[in-house]
Amino acid sequence: MASDNLITEGKTALEEVAPDLLCLRTLFVNVLFVGTPGSRQWILVDTGMPGFARDIIQIAEERFDGPPLAIVLTHGHFDHVGNVIELEQHWGTPVFAHTLELPYLTGLSDYPPADPTVGGGLLARTSFIFPNEAIHLDDRVDALPSDHRVPYAPDWRWIATPGHSPGHISLYREKDGALIAGDAFITVQQESLWHVIFQDKELHGPPMYFTTDWDAAKNSVQTLADLKPELAITGHGHMMASTELRGQLDRLARDFDRLALPRQGKYV
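Values in this document were obtained by computation on a predicted structure and should not be read as measured data.

Details of the sheet that holds strand β3 (residues 29–34)
Next up, step 1: Spatially, β1-β2-β3-β4-β5-β6-β7 is the arrangement adopted by the seven strands of the open sheet, whose pairing is mixed. Strands at the two margins of the open sheet, each flanked by one partner only, are β1 (12–18) and β7 (141–143). Within the sheet, the average angular offset between the axes of one strand and its neighbour, ignoring direction, is 25 degrees.
Next up, step 2: Sitting on the sheet, helix α2 (residues 53–63) touches β1, β2 (21–26), β3 and β4 (43–45), and the angle it makes with β2 is about 160 degrees.

Here is the structure:
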C-alpha cells in the first residue's frame, strides 16, 4: 500500500496482525484499524500520539471505502486520544468510550498526574511532563452500550479492565480469540526509553507512571488471562500470539505483584 512511505519516516510503523486488523504505531503508541480492507464497515480503536491525523487519514483512505463508522477509545490518556478531535472533525464520526472515562474526554476532570518516582527507566523519570489534562469532545463522545456491544463491530465485545484508568476497556472477539488490550497489559517495557526505541517484545503490566489503581489493574490482567486469547494487540509494543502470549499472560496474572507492581510510587 502507498503508506509504505510512512514506515520509512521512523515515526510510524505498520503491522498486519490479521486480515482485518492493521496496527499503526505512532511514535510509541498503537492505533488499530478494525475491518476488512475495501469495506465500508470498519472502526478505529484509539488515535495515538498528537500529530498523526494525516497518517491515519491516509491509511484509512487507502484501505477502506469510506470513513470509520466509529472511533472507540480504550481510555483517554493523551497518547491514545492525541488525534481524536481532528479525526472526528474531519470524518464526522461518532466517538465512544466507557462512561467512567467521559469526564476526562469532556473537560470535566483531569487525570491524576503521572508518577515519575515509579522507576524503570528514562520515560518513567520524565513522565511528569506528560499531559494529564482533560480534552473537550463535549457532546461528540458517547458512552459505550451497557450490554458490552461494540458499535458497528458486531463480532466484538468490550470488557471493563480498569486500573490504568477508571474506565479503561479492552475489546475481545471470541470467534478467533483476538484481544485488543489497550494498556491493561503491554508488550514492551514502556518505562524504559531503550526498550521503547528498539521495541523489545516482552509482556508487561500497564505503564506504571499513569496507573493509579493497582488492585484493579491486577484484577483486569486476571480477567484477560482467563480468556486464553489467541492473539493480543496492546497499546504499546508488537502483537503477541499463541503459546507465547498465553504463557506470559498467565505468568503476569499469577505473579503480578512481583512483575508489574512498582516498588515505590504515590499510587502504590
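A look at the side chain of R25
Next up, step 1: Of note, R25 is situated in strand β2.
Next up, step 2: Of the side chains bearing the opposite charge, E15 lies closest to the buried R25, which forms no salt bridge; the N-O distance is 6.5 Å.
Next up, step 3: Within the local environment of R25, its side chain forms a polar contact with the backbone oxygen of L27, the two atoms lying 3.5 Å apart.

Structural notes on the pairing of strand β11 (residues 231–234)
Next up, step 1: Alternating residues of β11 divide into L231 and I233 and A232 and T234, and every residue in both groups is buried.
Next up, step 2: Where β11 meets strand β12 (residues 240–241), two bridges bridge the pair, whose relative direction is antiparallel. Note that in β12 the partner of L231 across the bridge is A241.
Next up, step 3: Taking the residues that link successive antiparallel strands as the turn, the β11-β12 hairpin has five residues, and the phi of G237 there is positive, at about 100 degrees.

Structural notes on the sheet that holds strand β10 (residues 178–182)
Next up, step 1: Ordered in space as β8-β9-β10-β11-β12, the five strands form an open sheet in which the pairing is mixed. Looking at the sheet topology across the chains shown, the edges are occupied by β8 (157–160) and β12.
Next up, step 2: Looking at chain direction, strand β9 (residues 169–173) and β10 are connected through three bridges and run antiparallel. When the bridges of β10 are listed, L171 appears paired with I180.

Topic: the packing of helix α7 (residues 214–226) against helix α8 (residues 242–254)
Next up, step 1: Here α7 crosses α8 at 145 degrees, and the two axes come no closer than 9 Å. For α7 against α8, the interelement crossing comes out left-handed. Between α7, through V221, Q222, L224 and A225, and α8, the contact on the second element is made entirely by L249, D250, L252 and A253.
Next up, step 2: A breakdown of the residues in the contact of α7 with α8 according to their chemical character gives six nonpolar, one polar and one charged.

Reading guide: rules and limits
- Residue positions are given per chain, counting from 1 as you read along its sequence in written order.
- Thresholds applied to this predicted model are a pLDDT of at least 70 for local features of residues and 80 or more for the giving and counting of side-chain atom pairs; totals over whole chains, interfaces and linings are not thresholded and use all residues.
- The basis for every side-chain value is the complete set of non-hydrogen atoms in the structure, without hydrogens or water.
- Only strands joined by at least two bridges in the DSSP assignment are considered to pair.
- Numbering of helices and strands runs from the N terminus, with a helix taken as a DSSP run of H or I at least four residues long and a strand as a DSSP run of E at least two residues long.
- To obtain each axis, a line is fitted to C-alpha atoms, and for helices this fit is confined to the stretch in contact; angles are then taken between N-to-C directions over 0 to 180 degrees.
- Contacts are residue-level and defined by heavy atoms, with any inter-residue pair within 4.5 Å sufficient.
- Residue burial is assigned from relative accessible area. The probe radius is 1.4 Å, only protein chains are included, and a residue is buried under 20% of its type maximum, exposed over 50%, and partly exposed in between.
- In this tally Asp and Glu are treated as negative and Lys and Arg as positive; neither His nor the chain ends contributes.
- Salt bridge criterion: a side-chain nitrogen from Lys or Arg within 4 Å of a carboxyl oxygen from Asp or Glu.
- Two N or O atoms form a polar contact when they lie within 3.5 Å of each other; inside protein one atom must be a possible hydrogen donor and the other a possible acceptor, and for residues adjacent in sequence the pair counts only when both atoms belong to side chains.
- Whether a crossing is left-handed or right-handed is set by the direction in which the near helix is turned from the far one by less than a right angle, anticlockwise for left-handed and clockwise for right-handed.
- Any residue that is not Ala, Val, Leu, Ile, Met, Phe, Trp, Tyr, Cys, Pro, Asp, Glu, Lys or Arg is counted as polar, Gly included; the first ten are nonpolar and the last four charged.

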